[in-house]
Structure formats: C-alpha cells, structure tokens
Amino acid sequence: KMCSQENKNKVSLLIDLGTNGEMALGNAKKLLVSATAAGPAFEGRSISPMDGTDLIDITAELLKQGILDETGLMVEPYFEQGYQYKNNTVTQEDIRALQMAKAAICAGIRIMMREYPITPEAIDTVYLAGGFGYYLDTNSAAIIGLIPEELAGKVKAVGNTSLMGAYLYGRNADAREEVLTITELAIPVNLAEQEGFEENYLESLHFPQQDRKENHGFI
C-alpha cells in the first residue's frame, strides 16, 4: 500500500519489530529498505513469559515514576531484586536488553530519515507490522525512545504483513507485478556502513527525560 500509485506523494514508514527490525521508508517514487538486529526483547524473554509490549509499558511507567533513570539504571532496592509486576519480575537485565533493542530501531529510523532525506513531521503514516503492533502502546514507545516522539500519533498496526504478502503473491497476478516493481524500486541501506550510525545508536541507548512522579507504588 505504501508503494501504490495512489499514495505516491505520501511518504510512509514500515517497521516490523522482531528479533530483526526490518524497515522501509518511502513511496512509489523512492523506497529505502533496511534491517537491524534487535534481539529477543520485542518477542518475549527467555527468562519469563512477559511479552515485549508489557515490558515497554512497564519501562515507560518506571521512567515516569523515577524508579528508572535516563541511563537505564534502576534505583535500589529494585536494582538488586527487580520490580514485581503481577507474576513476573522486571530485572535490570531486562531493561538493558530493551535498551539495546530500542536503540537499534530508533537509530535505524533516524539514519533512514537522514538518507531519504525527510523529517518525522513529513512522514504520513508509520505502519507497524506483526502481532506485536496490535498491542503496542505508541505513547509508551515514544516515552522509552523506541520511535521519535513526532511519529507516535501516526502509527497504524497492520498485522502479519509477511503472511498477507505471501497470500496475495500466490493468488493475485497483479500482486506479483507489484512485488517486481518494489524490488526494482527498493534501495538497500546498510546501517552498519552509514556514517553516524554508531553515534546514533549510543545516543539512543539513553531514555528520554521524563517529569518524575516519584511514586514507587504505582503497580
């Protein structure tokens, strides 16, 4: 849809959050594509059954409550014992894993916008692919710095786009033609080779500053 002729004057961003974060930025006239390693933080952790959307929501609240600072450090006694949420424990290790994952995605988005070039304000829609997108609170995503704050109100969950794309490709000749057009149009961006990616990544490890509520019993 983002590469359809009807949207050729609108630039959209597609993000598929998983172990690898695939991204596409553009329209029917110009399309940049890339991917970055995000690790398991968005798909649920091996340590406990808590999924990535819960971890993002809790991290956003910990930031607002002052339990977590901008560097990702939990205050005592939570640094040692973790923070209890329902039947799960959010640990300092969980926070660090999320920091690395969200930094990779955010840095990737910023490098893609720079290379296009385009500002967040000029992006029409952010398509969030996968089941993850249906449950992600975009406000929480902006609070932790997963996506630029300017994009938070533009996010649209679109489900399993890979499965839908395969279904359409197998049943629709027009869809197969569109795939050929997209592959010819797409310009790969190797983030690791881009100037400033490492600096962007390191800056994105920090969480945005929040107004503190200082109420440690919020959950």
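For clarity, every value in this text was computed on a predicted model and none was experimentally measured. Residue indices begin from 1 for each chain and proceed along its sequence in written order. Reporting of local features is limited, given that this is a predicted model, to residues whose pLDDT is at least 70; pairs of side-chain atoms are given and counted only at 80 or more, and all residues count toward the totals for whole chains, interfaces and linings. Water and hydrogen atoms play no part in the side-chain values, which are based on all heavy atoms of the structure.

Only DSSP runs of H or I covering at least 4 residues are called helices, and only runs of E covering at least 2 are called strands; the numbering of each starts at the N terminus. The helix and strand tally for the chain stands at 8 helices and 8 strands. The globule rule used here is 2.2 Å times the number of residues to the 0.38 power, and the radius of gyration it is set against is calculated over C-alpha atoms. In terms of C-alpha radius of gyration, the chain reaches 18 Å, essentially the compact-globule figure of 17 Å for 219 residues. For the chain, the spread of C-alpha atoms along the principal axes amounts to about 60 × 35 × 30 Å. The rule is simple: take the accessible area with a 1.4 Å probe, protein chains only, and divide by the maximum for that residue type; under 20% is buried, over 50% is exposed, in between is partly exposed. Counting only residues that meet the buried cut, the chain has 45% of its 219 residues in that class. Excluding contacts between residues fewer than 6 apart, the proportion of contacts in the chain whose partners are at least 24 apart in sequence is 71%. Accessible areas in this description were obtained via Shrake-Rupley with a 1.4 Å probe; residue shielding takes into account the shown protein chains only. Of the accessible surface of the chain, which amounts to about 11,500 Å², a share of 50% is contributed by carbon and sulfur atoms. Note on charges: Lys and Arg go in the positive column, Asp and Glu in the negative column, and His and the chain ends are not counted at all. By convention, the charge on Lys lies at NZ, on Arg at CZ, on Asp at CG and on Glu at CD. Charge centroids of the chain, computed over 18 positive and 31 negative side chains, lie 7 Å from each other. Should any heavy atoms of two residues lie within 4.5 Å, those residues are considered in contact.

Further remarks concern the nonpolar core. Ranked by size, the top nonpolar core spans 52 residues in total, and within it I15, L25, F42, L62, I109 and L146 carry the most contacts. Of all elements in the fold, only β1 (12-16), β2 (20-26), α1 (52-65), β4 (83-85), α3 (92-115), β6 (125-129) and α5 (138-144) reach the threshold of two or more residues within this core. Take the buried residues of types Ala, Val, Leu, Ile, Met, Phe, Trp, Tyr and Cys, join any two whose side-chain atoms come within 4.5 Å, and each joined set is a nonpolar core.

Between two packed helices, what matters for the description is the angle formed by their axes and the separation of those axes. Angles here are taken between N-to-C directions and fall from 0 to 180 degrees, while the axes themselves are lines fitted to C-alpha atoms, restricted in helices to the stretch in contact. Look at helix α6 (residues 161-171) against helix α7 (residues 173-185): their axes get within 5 Å of each other, and the N-to-C directions meet at 115°. The two elements α6 and α7 meet at a crossing, and its hand is left-handed. Across from L168, Y169, G170 and R171 in α6, the residues of α7 making contact are A173, A175, R176 and V179. When residue character is reported, Ala, Val, Leu, Ile, Met, Phe, Trp, Tyr, Cys and Pro are called nonpolar, Asp, Glu, Lys and Arg charged, and the others, Gly included, polar. Taken together, the residues of the contact of α6 with α7 break down into 5 nonpolar, 1 polar and 2 charged. Working rule for handedness: look at the near helix, and if it is turned counterclockwise from the far one by less than a right angle, call the crossing left-handed; if clockwise, right-handed.

Moving on, we come to the packing of aromatic side chains. In summary, the pairing rule links any two rings of Phe, Tyr or Trp, Trp by its six-membered ring, whose centres are within 6.5 Å, and it sorts them by plane angle into stacked for under 30 degrees, edge-to-face for over 60 and tilted for everything else. A full pass over the atoms with the stated rule returns 1 aromatic pair. Measuring from ring centre to ring centre gives 5.1 Å for Y78 and Y83, while their planes differ by 45°; the resulting arrangement is tilted. With relative accessibility at 4%, the residue Y83 sits in the buried group. Either the NZ atom of lysine or the CZ atom of arginine qualifies as a charge over a ring when it sits within 6 Å of the ring centre and within 35 degrees of the ring normal. Over the face of the ring belonging to Y116 we find K30, whose NZ or CZ atom lies 4.7 Å from the ring centre.

Let us look at the sheet that holds β1. Any two strands between which DSSP finds at least two bridges are classified as paired. Pairing in this open sheet of 6 strands is mixed, and the strands run β7-β6-β1-β2-β3-β8 from one edge to the other. Of all the strands in the sheet, just β7 (155-159) and β8 (186-188) have a single pairing partner and so form its edges. Between one strand axis and the next, the sheet turns by 25° as a mean value, whatever way the strands run. Pairing geometry for strand β3 (residues 31-37) and β8, over 3 bridges, is parallel. The residue of β8 that forms the bridge with V33 is P188.

Turning to the pairing of β6, a few remarks are in order. Counting buried residues in β6 gives 5 out of 5 residues, a clear majority hidden from the surface. Covered by surrounding structure in β6 are T125, Y127 and A129 together with V126 and L128, the residues of both alternating faces. Across 5 bridges, β1 lies against β6 in parallel orientation. By the bridge assignment for β6, D16 is matched with A129. Where β6 meets β7, 4 bridges bridge the pair, whose relative direction is parallel. Of the residues in β7, the one forming a bridge with Y127 is K156.

So, about the packing of α1 against α3. Put simply, α1 and α3 touch, their axes get as near as 11 Å, and they point 105° apart. Comparing the axis directions of α1 and α3 gives the class roughly perpendicular. Each of L55, I56, T59 and L62 in α1 lies in contact with α3, whose residues at this interface are D94, I95 and L98. The residue makeup of the contact of α1 with α3, split by class, is 5 nonpolar, 1 polar and 1 charged. Each angle is binned into one of four classes, with values under 35 degrees roughly parallel, values over 145 roughly antiparallel, values of 65 to 115 roughly perpendicular, and all other values oblique.

Function cannot be read off these values alone, since they describe shape.
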